[in-house]
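# Coordinates in review
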Amino acid sequence: GDSSHLFIESAVVQDVWQHFAAIFGICLCDTGSLTHMVHFWRCSTPFHSDLHIRTLIPFLILWFTWTQRNAAKYRGLPFTTDGIILEQVPRAPSIVRWRAPSPSWFKLNTDGSSLGNPGLAGAAGMIRDSAGHVHLAYQFALGTGTSVLAELTAVWRGMELALTHGLAPLVVEVDATSVISLLKSRASGKWEVQHLIMRIVCLQ
């Protein structure tokens with residue numbers, strides 16, 4: 001499908017996978033699909049840990065491949081291997097430890113961003129159980145929007161998907177303080193934002 005071509009099969013992205021595989025000493029085989037590729041990287045870690053950077057690399061590759069593809073499609077920028085790789089290494093990394101939810105609970109972590117405010121926006125998220133196992137991951141292109149709208153959309157879609165797939169009880173973790181304030185006050189002057197807040201409230 002289109003997603004397999006973009007994230008796995010295209011020559012540009014294959015070079016990205018090979019670049020990081022060489023760094024971590026991984027011999028890539030023909031994984032066949034996006035799901036198999038992510039699973040292959042997970043199993044390649046000599047000691048099992050969802051916090052190991054090697055386990056996270058596939059998700060970084062997918063995210064920055066998507067942002068670079070959108071920059072190429074909507075802003076006319078070149079879609080290159082170096083562009084995707086350099087998106088992931090220009091700044092010194094900061095390590096944030098993921099905190100597991102209580103036993104039998106699930107945790108939704110979300111993120112939303114825009115290239116400009118407003119600008120080309122996207123939303124993404126992941127749901128894990130108390131053992132750190134990923135049960136669901138998602139990402140959406142939103143067209144033009146603000147960062148707040150993207151953050152709220154990421155929360156709403158994640159909660160909606162959790163409900164659909166029976167991933168409950170659920171705790172939601174958001175790192176954007178402005179979004180946390182909006183959800184607590186349940187008030188906003190912009191109807192687009194207020195509409196999303198009410199959708200989130202209805203899912204609680």
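Remember, it's a predicted structure, so these values are computed and weren't measured experimentally.

### Focus on the overall build of the protein chain
Helix and strand counts for the protein chain stand at eight helices and four strands. Beginning at the N terminus, the succession of helices and strands in the protein chain can be written as α-α-α-α-α-β-β-β-α-β-α-α. The burial tally for the protein chain puts 40% of its 204 residues in the buried class. Expressed as a percentage of contacts within the protein chain between residues at least 6 apart in sequence, the contacts between residues at least 24 apart total 55%. Surface summary for the protein chain: the accessible area is close to 11,500 Å², and the carbon and sulfur share equals 58%.

### Things to note about the packing of aromatic side chains
The tally for this structure, following the rule as stated, stands at two aromatic pairs. With 5.1 Å between their ring centres and 50 degrees between their planes, W63 and W66 make a pair best called tilted. Within this pair, W63 and its partner W66 are both found in helix 4 (residues 53–75), separated by three residues, close to a single helical turn. Judged by relative accessible area, which is 7%, W66 ranks as buried. Taking NZ or CZ as reference, R128 lies 4.2 Å from the ring centre of W98, over its face.

### Overview of the sheet that holds strand 1 (residues 106–116)
In space, the four strands of this open sheet follow the order 3-2-1-4, with mixed pairing throughout. Bordering the open sheet on either side are strand 3 (134–145) and strand 4 (170–173), each of which pairs with just one other strand. Taken pair by pair, the neighbouring strands of this sheet meet at an average axis angle of 20 degrees, ignoring direction. Direction of pairing for strand 1 relative to strand 2 (residues 119–129): antiparallel, over a ladder of eleven bridges. When the sheet's bridge partners are listed, G112 is paired in strand 2 with A123. Helix-sheet contacts for helix 6 (residues 147–164) involve strand 1, strand 2, strand 3 and strand 4, and the interaxial angle to strand 1 is about 150 degrees.

### Things to note about the environment of P58
Tracing the backbone shows P58 in helix 4. The residues contacting P58, other than those within four sequence positions of it, are W17, V38 and W41.

### With respect to the packing of helix 6 against helix 8 (residues 191–203)
Axis separation between helix 6 and helix 8 bottoms out at 10 Å; the angle between their running directions is 25 degrees. Of the possible angle classes, the one that applies to helix 6 and helix 8 is roughly parallel. The two elements helix 6 and helix 8 meet at a crossing, and its hand is left-handed. Touching V148, L149, L152, T153, V155, W156, M159, E160 and L163 of helix 6 are E192, V193, L196, I197, R199, I200 and L203, all from helix 8.

Quick notes on the rules
- Residues numbered from 1 in each chain as written.
- Predicted model: local features only at pLDDT ≥ 70, side-chain atom pairs only at ≥ 80, totals over all residues.
- Heavy atoms only, no water.
- Helix = DSSP H or I, 4+ residues; strand = E, 2+ residues; numbered from the N terminus.
- Buried < 20%, exposed > 50% of the residue type's maximum accessible area, 1.4 Å probe, protein only.
- Contact = heavy atoms within 4.5 Å.
- Areas by Shrake-Rupley, 256 points an atom, 1.4 Å probe, with all protein chains shown as cover.
- Phe/Tyr/Trp six-rings, centres within 6.5 Å; stacked < 30°, edge-to-face > 60°.
- Lys NZ or Arg CZ within 6 Å of the ring centre and 35° of its normal.
- Pairing = 2+ DSSP bridges.
- Axes fitted to C-alpha atoms, helices over the stretch in contact; angles between N-to-C directions.
- Parallel < 35°, antiparallel > 145°, perpendicular 65-115°, else oblique.
- Left-handed = near helix turned anticlockwise from the far one by under 90°.

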